[in-house]
Amino acid sequence: MELSKQSSRKLVIAGVATTVIALGLAAYFASSPTAESHVVVKAPVTAPSSASSAASAKKPAPAATPQRPAEIKDPAPPGEPRAIRTKEQGAAALMALPELQAWSALIEKNTNGKAHGGLLEYDPVPRKLNGKNYWQFSFVENSAESALRWESFLVSSSDDEILVEDAANDEVISLGRWRREKHPDKRTSFDAPAPH
């Protein structure tokens, strides 16, 4: 009999201790400002009215998971268009121009494969022009001995615009104007501009 009284006391003490710890944890989590404490679980408004409907509703409700707020990113500085293409994508767009494709083939042919056409980034810092950023590339004839510049280009990071640096007139011109005035499709070497 004495043994059962001691067991009962231990159970009561353990129960009280567990309750105190549970209440302490509940108070701690209720007062902490974590995202989890702000989760609202919506419970059904009406309970099942009969034992059979309660038995059919045995499936446990999915556990509510806290929703994380979407990652907040800093907006682009005002007046600076958002970049839509990377430097690599800009270089690929530039090399896809028919003039640069033709120049590359001409260089390969004229040098029996000893030189190749390619791009050289002449300044890793984008150039800002009229509120837009441009990657800066030169098309070069690249051989084991040297890289000879044929033309320099500015490739926009915010749209599909490509500009040409006209070194003779110290200005930047559009691709269309470059084609009309400089006739790059007739150019045959790095130092020989196309005949007018």
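Since this is a predicted model, take the numbers as computed values, not measurements.

**Some remarks on the side chain of glutamate 151**
Among the secondary structure elements, glutamate 151 is positioned in strand β3 (residues 147–156). Among residues more than four places away in sequence, those in contact with glutamate 151 are Trp103, Phe137, Ser138, Phe139, Val164, Glu165, Trp178 and Arg187.

**Some points on helix α4 (residues 98–110)**
An ideal rise of 1.5 Å per residue puts 18 Å on 13 residues; α4 measures up with 18 Å between its terminal C-alpha atoms. Those residues of α4 that sit buried are Glu99, Leu100, Trp103, Ser104 and Ile107. What you see down the axis of α4 is that its buried residues fit within an arc of 135°, all on one side. What points out from α4, more than 90 degrees from its buried face, is the exposed set Pro98 and Lys109. A positive backbone phi angle near 50° is found at asparagine 112, which sits one or two residues after α4.

**Quick notes on unusual backbone geometry**
Despite not being glycine, asparagine 112 has its phi angle at roughly 50°, a positive value. A positive phi angle, near 50°, is found at histidine 183, a position not held by glycine. Relative to the helices and strands, histidine 183 resides in the segment after α5 (175–182). Classification of histidine 183 by relative accessible area gives partly exposed; the value is 22%.

**Considering the pattern of salt bridges**
Across all of its chains, the model carries nine salt bridges by this definition. With a closest N to O distance of 2.5 Å, lysine 132 and glutamate 161 form a salt bridge. Of this pair, lysine 132 sits in strand β2 (residues 132–143) while glutamate 161 sits in the loop between β3 and β4 (162–166), and the two are 29 residues apart along the sequence. A relative accessible area of 14% means that lysine 132 is categorised as buried. Residue classification places glutamate 161 among the partly exposed residues on the basis of a relative accessible area of 27%.

**Topic: the sheet that holds strand β5 (residues 171–174)**
A sheet is described by the order of its strands in space; here five strands give the open sequence β1-β2-β3-β4-β5, paired in antiparallel fashion. The sheet is open, and its two borders are formed by β1 (115–129) and β5, each paired with just one other strand. When the angles between neighbouring strand axes are averaged without regard to direction, this sheet yields 30°. Relative to β4, β3 is paired through four bridges, and the arrangement is antiparallel. In the strand pairing of β4, phenylalanine 153 is matched with valine 164. Those strands touched by α4 are β1, β2 and β3, and its axis lies near 145° from that of β1. Here α5 sits on the sheet in contact with β3, β4 and β5, set at roughly 95° to β5.

**Quick word on the packing of aromatic side chains**
Inspection of every chain in the model, using the stated rule, returns five aromatic pairs. Between tryptophan 103 and tryptophan 150, the ring centres sit 5.0 Å apart and the planes meet at 45°, which makes this aromatic pair tilted. A residue pair is termed long-range when its members are at least 10 positions apart, and tryptophan 103 in helix α4 and tryptophan 150 in strand β3 qualify at 47 residues. What makes tryptophan 150 buried here is its relative accessible area of 3%. Ring centres of phenylalanine 139 and tryptophan 150 lie 6.0 Å apart, and the angle between their planes is 85°; this geometry places the pair in the edge-to-face category. You can see phenylalanine 139 sitting in strand β2 and its partner tryptophan 150 sitting in strand β3, a full eleven residues away along the chain. The exposure class assigned to phenylalanine 139 is buried, which follows from its relative accessible area of 0%. By the ring-pair criterion, three or more aromatic residues cluster together here, those being Trp103, Phe139, Trp150, Phe153 and Trp178. Sitting over the ring of tryptophan 103, arginine 187 keeps its end group 5.3 Å from the ring centre.

What counts, and where the lines are drawn
Residues numbered from 1 in each chain as written. Predicted model: local features only at pLDDT ≥ 70, side-chain atom pairs only at ≥ 80, totals over all residues. Heavy atoms only, no water. Helix = DSSP H or I, 4+ residues; strand = E, 2+ residues; numbered from the N terminus. Contact = heavy atoms within 4.5 Å. Expected span 1.5 Å × (residues − 1). Buried < 20%, exposed > 50% of the residue type's maximum accessible area, 1.4 Å probe, protein only. Arc of directions from axis to C-beta. Salt bridge = Lys/Arg side-chain N within 4 Å of Asp/Glu carboxyl O. Pairing = 2+ DSSP bridges. Axes fitted to C-alpha atoms, helices over the stretch in contact; angles between N-to-C directions. Phe/Tyr/Trp six-rings, centres within 6.5 Å; stacked < 30°, edge-to-face > 60°. Lys NZ or Arg CZ within 6 Å of the ring centre and 35° of its normal.

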